Amino acid sequence: YFGIQDWFYKNVSDDFSVFTFNTVGKFLEKFKLYPKAQDIYRHAVTVTNHCEIYYHKMGDLALKNKETDLAVDCYRKVLTSNPQNREALIKLATVLQTYFPDNIDETIDCYEKLLEFDIDIDRIYYELGHLYLKKEDKINSISAFNLALERDEENPFYNNSLAYAFAKAELYDDAIEYYQKAISLNPDTEWTSMVCQALGTIYADVKRNTDATISTYQADIILDSNNYELYLALGDV
């Protein structure tokens with residue numbers, strides 16, 4: 001009986017503490033007293049059984065204040081407490097990718113763990129493809145973009161990225177195929193114009209196909225008639 005009673009009082013006390021810390025923290029945030037709010041959440045970590053919650057709040061607050069190092073540290077601690085916290089994984093991956101572009105391996109690790117949740121899989125593979133490209137890992141980048149396309153074949157951005165990965169791997173015929181697919185989908189004339197320019201460069205510099213180069217640049221000029229670089233490129237051909 002006394003053991004149950006102790007457990008009950010302990011949990012009631014903990015719940016009350018959580019309520020108090022949350023209320024005070026929100027009040028301080030509302031009035032932009034961010035350092036004070038951080039102190040409250042930091043104290044809550046030590047006196048409650050909910051460090052995951054308060055490290056998450058600290059991370060969000062740090063990110064709001066552009067304290068990216070602190071945000072990363074807090075999200076890592078959330079994941080130490082609960083490796084299955086999907087929201088913290090997404091935030092950590094995003095912060096690392098945005099503010100710490102050299103920390104590629106940890107960002108890849110975050111995205112690979114996110115695959116286990118089976119949510120937004122195509123988008124995760126798309127991000128992984130770009131991260132592998134940064135590592136000059138051409139095979140894995142091609143594989144990742146392929147896996148993204150398997151889930152959304154009509155996505156022009158996935159087609160374009162796969163084409164670029166093939167071009168980096170010097171697999172130019174494959175690159176041409178996917179650049180052409182991206183162009184045919186044409187989500188935006190300015191964007192499509194840049195894809196045409198990439199395709200035209202392959203025809204000009206790799207394939208030495210003058211007719212294909214000219215027709216590609218001419219199509220490109222229709223999309224973006226104000227791009228003087230296209231006229232120069234066409235003139236060179």
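Residues numbered from 1 in each chain as written. Predicted model: local features only at pLDDT ≥ 70, side-chain atom pairs only at ≥ 80, totals over all residues. Heavy atoms only, no water.

## Notes on the side chain of Ser 141
And then number 1: Tracing the chain through its elements places Ser 141 in helix H8 (residues 138-151).
And then number 2: Residue Ser 141 is classed as buried on the basis of its relative accessible area of 0%.
And then number 3: Ignoring sequence-local partners within four residues, the contact set of Ser 141 consists of Gly 129, Tyr 132, Leu 133 and Ala 165. (Helix = DSSP H or I, 4+ residues; strand = E, 2+ residues; numbered from the N terminus. Buried < 20%, exposed > 50% of the residue type's maximum accessible area, 1.4 Å probe, protein only. Contact = heavy atoms within 4.5 Å.)

## Looking at the packing of aromatic side chains
And then number 1: Scanning the entire structure with this criterion turns up seven aromatic pairs.
And then number 2: Relative to Tyr 54, the ring of Phe 21 has its centre 6.2 Å away and its plane inclined at 75°; by these criteria the two rings are edge-to-face. In this pair, Phe 21 is assigned in helix H1 (residues 2-30) and Tyr 54 in helix H3 (residues 51-64), connecting sequence segments 33 residues apart.
And then number 3: Among the residues examined, Tyr 54 registers a relative accessible area of 0% and is labelled buried.
And then number 4: A centroid spacing of 4.9 Å and a plane angle of 70° characterise the contact between Phe 157 and Trp 191, whose relative ring orientation is edge-to-face. With Phe 157 in helix H9 (residues 156-168) and Trp 191 in helix H11 (residues 189-207), this pair connects stretches of sequence that are 34 residues apart. (Phe/Tyr/Trp six-rings, centres within 6.5 Å; stacked < 30°, edge-to-face > 60°.)

## Description of a nonpolar patch on the surface
And then number 1: Where nonpolar side chains cluster on the molecular surface, the patch consists of Phe 27, Phe 31 and Leu 33 and spans about 310 Å² of accessible area.
And then number 2: As for its placement among the helices and strands, Phe 27 is situated in helix H1. (Patch = residues over 30% accessible without salt bridge, like charges linked within 9 Å, V, L, I, M, F, W, Y side chains within 5 Å. Areas by Shrake-Rupley, 256 points an atom, 1.4 Å probe, with all protein chains shown as cover. Salt bridge = Lys/Arg side-chain N within 4 Å of Asp/Glu carboxyl O.)

## Notes on unusual backbone geometry
And then number 1: Phi at Glu 170 is positive, roughly 65°, even though this residue is not glycine.
And then number 2: Its identity is not glycine, yet Asn 186 carries a phi of approximately 40°, on the positive side.
And then number 3: With respect to the helices, strands and loops of the structure, Asn 186 is situated in the loop between helix H10 (172-185) and H11.

## Observations concerning the nonpolar core
And then number 1: Ranked by internal contacts, the top residues of the largest apolar core, which has 62 residues, are Tyr 54, Leu 92, Tyr 111, Leu 128, Leu 162 and Tyr 179.
And then number 2: A total of eight residues in this core trace back to one element, the largest contributor, which is helix H7 (residues 121-134).
And then number 3: Excluding residues within four positions of it along the chain, Leu 92 makes contact with Val 72, Tyr 75, Arg 76, Leu 79, Glu 106 and Cys 110. (Core = buried A, V, L, I, M, F, W, Y, C linked by side-chain atoms within 4.5 Å.)

## Digging into the packing of helix H4 (residues 68-81) against helix H5 (residues 86-99)
And then number 1: Axis separation between H4 and H5 bottoms out at 9 Å; the angle between their running directions is 150°. It follows from the interaxial angle that H4 and H5 lie roughly antiparallel. By crossing handedness, the relation of H4 to H5 is classed as left-handed. Of the residues in H5, those in contact with Thr 68, Val 72, Tyr 75, Arg 76, Val 78 and Leu 79 of H4 are Ala 88, Leu 89, Lys 91, Leu 92, Val 95, Leu 96 and Tyr 99.
And then number 2: Considering only residue class, the contact of H4 with H5 consists of 10 nonpolar, one polar and two charged. (Axes fitted to C-alpha atoms, helices over the stretch in contact; angles between N-to-C directions. Parallel < 35°, antiparallel > 145°, perpendicular 65-115°, else oblique. Left-handed = near helix turned anticlockwise from the far one by under 90°. Nonpolar A, V, L, I, M, F, W, Y, C, P; charged D, E, K, R; others polar.)

## Comments concerning H9
And then number 1: For H9, with 13 residues, the first-to-last C-alpha span of 18 Å sits near the 18 Å given by 1.5 Å per residue.
And then number 2: In terms of residue burial, H9 counts as a mostly covered element, since 10 of its 13 residues are buried.
And then number 3: Three or more residues of H9 are buried, namely Pro 156, Tyr 158, Asn 159, Asn 160, Ser 161, Leu 162, Ala 163, Ala 165, Phe 166 and Ala 167.
And then number 4: The opening residue of H9, the one whose side-chain oxygen lies 2.9 Å from the backbone nitrogen of Phe 157, is Asn 155. (Expected span 1.5 Å × (residues − 1). Polar contact = N/O pair within 3.5 Å; in protein donor to acceptor, adjacent residues only side chain to side chain.)

## Quick look at the pattern of salt bridges
And then number 1: Counted by the stated rule, this structure contains 13 salt bridges.
And then number 2: The partner of Glu 106 in a salt bridge is Arg 76, with the nearest N and O atoms 2.8 Å apart. With Glu 106 in helix H6 (residues 104-114) and Arg 76 in helix H4, this residue pair connects regions lying 30 residues apart in the sequence.
And then number 3: Arg 76 gets classed as partly exposed once you look at its relative accessible area, which sits at 35%.
And then number 4: A salt bridge links Asp 120 to Arg 86; its shortest N-O distance comes to 3.6 Å.

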